[in-house]
Amino acid sequence: MKNFFIYALTLLLFSSCSDVVQLDLNNSDPRLVVDAYIELNESGTSSTRVQLTRSAGFYDEEIVFVNDAVVSITDADGSLIPIPFVADGVYSTNYPFIRMSNPTENSYTLTITDNGAIYTATESLEPTVPFTNVEQEIISGFGDDITEVTAFFNDPSGLGDFYLFEYQDINNEQVDVIDDEFTDGNRSQTTFFIEEATPGVTATIRIMGIDQRCFNFYETLLQQAGEGGGGPFGTQPAVVRGNIINTTDSSRFPFGYFRISEAFEIEYTIQ
């Protein structure tokens, strides 16, 4: 998902077309880009990962990693736990932040210090449900065959469930989000369309619980990155505000999001 996240946020740097020939592209001062999460895994363990990069102009192809920030999580007891730097802008730990007694009642605060600025975001765990099964179909008649991979799950009763999905194999990586507005309490699904699926390759499909604000954030990213139809120029691009605050200078807000999700995954071998 990290590759999509960096790519999508880069597309948001576009501004409008000034005429048919010339594009007015945004080359403003770089902003901090944050892709951060704590995930409660099916095994009961938790993993924390923070990816820090800098935004860049449209013609800049190199990803600028932020390797000298100070990153920490304040847990439910108020203890501040440092998140160590790993490599290429990644800060990560398997420290067990999530308290299993009442996991959804505890909040956790991410703090990032970068270039003299302090960024914070506070979230609590969003639960989810596991997949039940995966099905595959081949769509023909439009040139090359497309492989349709659909993963099913049972949505709990009661509106207000939001889901983030990730499909990944050795050649493909896709992201999707849905809510339960039309499927509340019923069998639900997420579908991925793979153009170059290789039989025998194992794919991993993940489901993560998110809240409505996180759903809106990823849905907008997907639409502006072209995943939601229409391509990146289908509508006027806009800056997508996440949940991370620059407490030092509010006008210099970062791009990105910090989420805390229960996560399940299922493996499927392409037929």
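What you see is a predicted model; the values in this text were computed from it and never measured. (Residues numbered from 1 in each chain as written. Predicted model: local features only at pLDDT ≥ 70, side-chain atom pairs only at ≥ 80, totals over all residues. Heavy atoms only, no water.)

## A few points about a negative patch on the surface
Alright, step 1. Taken together, the side chains of Asp144, Asp145, Glu195 and Glu196 present a region of like negative charge at the surface.
Alright, step 2. Positionally, Asp144 belongs in the loop between strand E12 (131–139) and strand E13 (146–154).
Alright, step 3. Overall, the relative accessible area of 66% leaves Asp144 in the exposed class. (Patch = residues over 30% accessible without salt bridge, like charges linked within 9 Å, V, L, I, M, F, W, Y side chains within 5 Å. Areas by Shrake-Rupley, 256 points an atom, 1.4 Å probe, with all protein chains shown as cover. Salt bridge = Lys/Arg side-chain N within 4 Å of Asp/Glu carboxyl O. Lys, Arg positive; Asp, Glu negative; His and termini not counted. Charge placed at Lys NZ, Arg CZ, Asp CG, Glu CD. Helix = DSSP H or I, 4+ residues; strand = E, 2+ residues; numbered from the N terminus. Buried < 20%, exposed > 50% of the residue type's maximum accessible area, 1.4 Å probe, protein only.)

## Quick look at helix H2 (residues 212–224)
Counting along an α-helix, one turn takes 3.6 residues, and residues three or four places apart therefore face a common direction.
Alright, step 1. For H2, built from 13 residues, the straight-helix expectation of 18 Å at 1.5 Å per residue is met to within 8% by its first-to-last C-alpha distance of 18 Å.
Alright, step 2. Listed as buried for H2 are Cys214, Phe215, Phe217, Tyr218, Leu221, Leu222 and Gln224. (Expected span 1.5 Å × (residues − 1).)

## As for the sheet that holds strand E7 (residues 80–82)
Alright, step 1. Sheet architecture is open: five strands sit in the order E7-E6-E10-E11-E18, paired in antiparallel fashion. Strand pairing shows two members of the sheet lacking a second neighbour, E7 and strand E18 (245–246), which therefore form its edges.
Alright, step 2. Note: strand E6 (residues 70–74) against strand E10 (residues 107–114), five bridges, orientation antiparallel. Note on E10: the bridge partner recorded for Thr74 is Thr109. (Pairing = 2+ DSSP bridges.)

## Topic: the pairing of strand E11 (residues 117–124)
Both faces of the sheet carry side chains from a regular strand, because those side chains alternate between them.
Alright, step 1. The alternating pattern of E11 places Ala117, Tyr119, Ala121 and Glu123 on a buried face and Ile118, Thr120, Thr122 and Ser124 on a face that is not buried.
Alright, step 2. Sheet analysis places E10 next to E11, joined by eight bridges and oriented antiparallel. Bridge pairing links Thr109 to Thr122 in E11.
Alright, step 3. The turn joining E10 and E11, which pair antiparallel and follow one another in sequence, is formed by two residues; a positive phi near 50° is taken by Asn115.

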